[in-house]
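The primary structure of each chain is shown beneath.
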Amino acid sequence: MKEYFLYTDHMTVGYQGRPLISDIELKVKKGEILTLIGPNGAGKSTILKSLTRQMNLLGGTVYIEQRPMNKMTDKEVARKQSMVMTERIRPELMTCEDVVSMGRYPYTGSLGILSKEDKDKVKEALELVHATDLAGQDFLKISDGQRQRILLARAICQEPELIVLDEPTSFLDIRHKLELLAILKKMVREKQIAVLMSLHELELAQKISDFVVCVQGNTIANYGTPEEIFQSSYIKELYGITKGTYNTEFGTVEMAAVEGTPEIFVIGGNGSGITIYRKLQREGVPFATGVLHANDVDYFLAKELSNCVIVEKAFEAIRTENYEKALKQMNQCKKVYCNLQEFGFLNHKNQKLLEIAKREGKLL
Amino acid sequence: MEVRKNHTANIRYGIAFLILIALLGILFVWNVNSGSVDLTIKEIYKILIHKKGEETSFHIVWDIRMPRILAAIILGGALSVSGFLLQTFFGNPIAGPFVLGISSGAKLMVSIVIVVLLEKRILVNSFLMITAAFAGAMISMGFVLAVSKKVEKMSMLVICGVMIGYICSAITEFIVTFADDSNIVNLHNWSMGSFSGMNWDKILVMAVVIFFVMVTTFCMSKPISAYQMGEAYAKNVGVNVSLLRIMLILLSSILAACVTAFAGPISFVGIAVPHLVKSLFKTAKPILVIPGCFLGGAVFCLFCDLIARTLFAPTELSISSVTAVFGAPIVIYVMIRRQTKV
């Protein structure tokens, strides 16, 4: 366990003496991001609060650099780990710089006056989160995205070796989510800090994490790399998804395919079908599509959004049996959509389908 | 640019302190100079600096006006620092010893002790008064804390505090009514809030007690500043939060109790002054605001006492009615501003 900056041994967490999750085994190295995912109320925040000593452990031990954390003083812990919480704070008349410099607390003297070195660290942290121009502004008057960056700067300023973040992207719009995580990733790489966080957004968790922990029910349900965890069927099970799917390739969540007999046939391929699939999905029209190659980008989406996809093996020309299947399906549909412009050797038969559709006046 | 910004901030703090000290000086002289007996500045100068002068004037300045002025300075300062500590504790700008019923709790206990001891012909000394007031303050505080665990909204907490205040005041009235005739007048004056009836012994006691509390409070500016960002972040940077919370409660209660023991309940100073001081300094940093609040409270109470004493002289107004006139609008302003911001 020596290589891990922090690890837990049979940690049990919960409220008011009632265990919520037990036998938690977490481990994170420096320069790595460990992300907790799982349904709401699973106890992600409880775990993070227990690790940052906001709450007492109900059992087990947390080790920081091989030392049990309960043997360390508040000040020692403060120099090892810092955090960004999900609860909003409303500090009165504090500039962003004031908020960030609060991170210097474990290093300043008994009256908390900042030295030259402290001020430099504050400046450096503000630069790292691209917030130098916010320094003099009132913390309460900046946007959510800016606020989250300032709080991250505060955490960085504390010069921790581990940063704990509880849903850091919760209130942010997509641009600020990406910005924040990019900063985090850069910081982890450059400063070799360990990061332990919880994330709501699976697609982001899949892309940023080195390791993922799934919290479910009263246990840690799974631990592994994003590649291992983000399997469509597992994510569906973890979150109990019944009305949609998790698309592993894109890392996106898709609504469930529309039930019913296909009314429309889409001749797809080469990405031309995606916008049509989404439009039909939104309008609640069941559709069939084909013939798609198993390595076509259209196929990855079509398999989530349609219950009737005619698929051909990758790199093979469309075989007659699949062509006939598609033709049969097309004949049962009232209308045909086709955005595909280019036809070549492999999808030559799709061109034939298009011609038939045109002849029959089904093409829209 | 960075350096310049820090520089202007420091100049601002310096000017703010100078303004407060200048106001304190002006009000001090004005207060010494006002009253039923007119004295010239020259005479006052002679009496204060050279300790010489005509005997009646000397007596008036040294034994009546000076103790009263010093009481207003010390107790006014204590009251606003108490307010600042409570606002920090509850994380809300409309908390204060008066609205949370802490002053009234102290008042109740003090009047019980006075009445009981007077019946038995025992003289009440200052320390006993402070102890009684502290006990009363802690009882009210206990109620407020119990309520604060149940209610989320700060406005509810304030309403509960005001109610506790009413109950305590009602019981105090009841006790005063049954008190010995000869003492009612004094007790009545005191229970309405007044800086009159001070003497040097009392000044000494309050100065010592409040000095120690103030030094302790000032030394705690660092953890208090961390606490302003909320309990969780304070804990995260290594503050012993439970100890700090206990200290905040104890210090604010001692300050409020001390004020009540000597001058009765005084309204709104605890909310209005910290707000004004923070606006003047444009920061809430405890290391500046704690001394700032003390000076500000002293200035505010000197000013209000001057009005209480001279506006309808020789009839004196209760200090609370004057502080309310100036303080309550500020409290309303703070509440409205907070509402619109959320």
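Residues numbered from 1 in each chain as written. Chains lettered and ligands numbered in written order. Predicted model: local features only at pLDDT ≥ 70, side-chain atom pairs only at ≥ 80, totals over all residues.

Just give me the short version of the overall build of chain A, but keep the residues and values in it.
Counting its regular elements, chain A contains 13 helices and 17 strands. The C-alpha radius of gyration computed for chain A amounts to 26 Å, which surpasses the reference 21 Å derived for 364 residues by more than 25%, pointing to a less compact arrangement than a globule. Expressed as lengths along the three principal axes of its C-alpha atoms, the size of chain A is roughly 85 × 45 × 35 Å. Across the 364 residues that make up chain A, the buried fraction comes to 43%. Pairs at least 24 residues apart make up 66% of the contacts formed inside chain A by residues separated by at least 6 positions. (Helix = DSSP H or I, 4+ residues; strand = E, 2+ residues; numbered from the N terminus. Rg over C-alpha atoms; globule rule 2.2 N^0.38 Å. Buried ≥ 20, exposed ≤ 12 C-beta atoms within 10 Å, placed from the backbone. Contact = placed C-beta atoms within 7 Å.)

With reference to specific residues and values, describe helix 6 (residues 174-191) of chain A.
Residue and element names in this part refer to chain A. Here helix 6 contains 18 residues, and its C-alpha end-to-end distance of 25 Å stays within 8% of the 26 Å for a straight helix at 1.5 Å per residue. Here helix 6 has its buried residues at Lys177, Leu180, Leu181 and Leu184. Viewed along the axis of helix 6, the buried residues span an arc of 95 degrees, placing them on a single side of the element. Residues of helix 6 that are exposed and point more than 90 degrees away from the buried face comprise Arg175, Ala182, Lys186, Arg189 and Glu190. Each element contacted by the buried residues of helix 6 is listed here: helix 5 (144-157), strand 9 (194-198) and helix 7 (202-208). Among the residues trailing helix 6, Gln192 stands out with phi positive, at a value near 55 degrees. (Expected span 1.5 Å × (residues − 1). Arc of directions from axis to C-beta.)

How would you summarise the packing of helix 12 (residues 269-281) of chain B against helix 13 (residues 286-310) of chain B if you had to cite specific residues and measurements?
Helix packing for two helices is described by the angle between their axes and how far apart those axes are. Residues and elements named next belong to chain B. Axis separation between helix 12 and helix 13 bottoms out at 9 Å; the angle between their running directions is 120 degrees. Taken together, helix 12 and helix 13 sit at an angle that is classed as oblique. The way helix 12 lies across helix 13 gives a crossing that is right-handed. Where helix 12 abuts helix 13, its residues Val269, Val273, Pro274, Leu276, Val277, Lys278 and Phe281 lie against Leu288, Val289, Gly292, Cys293, Gly296, Gly297, Phe300 and Cys301. The residue inventory of the contact of helix 12 with helix 13, partitioned by class, reads 11 nonpolar, 3 polar and 1 charged. (Axes fitted to C-alpha atoms, helices over the stretch in contact; angles between N-to-C directions. Parallel < 35°, antiparallel > 145°, perpendicular 65-115°, else oblique. Left-handed = near helix turned anticlockwise from the far one by under 90°. Nonpolar A, V, L, I, M, F, W, Y, C, P; charged D, E, K, R; others polar.)

Account for the nonpolar core, with residues named and values stated.
Among the nonpolar cores identified, the biggest contains 178 residues, and B:Ala71, B:Leu75, B:Ala133, B:Leu255 and B:Cys258 are the most heavily contacted of them. Sorting elements by how many residues they give to this core places helix 3 (residues 55-90) of chain B first, with 15 residues. Those residues in contact with B:Leu75 that lie beyond four places of it in its chain are B:Met206, B:Val259, B:Phe262, B:Ala263 and B:Cys301. Counting 28 residues, the second-largest nonpolar core is a separate cluster that includes A:Phe265, A:Ile267, A:Leu280 and A:Ala302. (Core = buried A, V, L, I, M, F, W, Y, C linked by C-beta atoms within 7 Å.)

Give a description of the sheet that holds strand 14 (residues 264-267) of chain A that names residues and reports values.
Residue and element names in this part refer to chain A. Pairing in this open sheet of 4 strands is parallel, and the strands run 16-15-14-17 from one edge to the other. The sheet is open, and its two edges are formed by strand 16 (308-312) and strand 17 (335-338), each paired on a single side. The mean inter-strand angle of the sheet, taken between neighbouring strand axes irrespective of direction, is 20 degrees. (Pairing = 2+ DSSP bridges.)

Tell me about the environment of B:Lys46, and please be specific about residues and values.
All names here are of chain B. When you line up the elements, Lys46 lands in helix 2 (residues 41-50). A sequence separation of 12 residues divides Lys46 from Phe58, and the C-alpha atoms of the two residues are 9.4 Å apart. Contact partners of Lys46, with chain neighbours within four places excluded, come to Lys52 and Gly53.

Give a description of the sheet that holds strand 11 (residues 219-224) of chain A that names residues and reports values.
Residue and element names in this part refer to chain A. Strand order in the open sheet made by the 6 strands is 7-8-9-4-10-11, with mixed pairing throughout. Edge positions in the sheet fall to strand 7 (81-84) and strand 11, since each has one partner strand and no second. Averaged over all pairs of adjacent strands, the angle between strand axes in this sheet comes to 15 degrees, irrespective of strand direction. Across 5 bridges, the pairing between strand 8 (residues 162-166) and strand 9 is parallel. When the sheet's bridge partners are listed, Val164 is paired in strand 9 with Leu196. Sheet contacts for helix 5: strand 7 and strand 8; angle to strand 7, the most-contacted strand, approximately 175 degrees.

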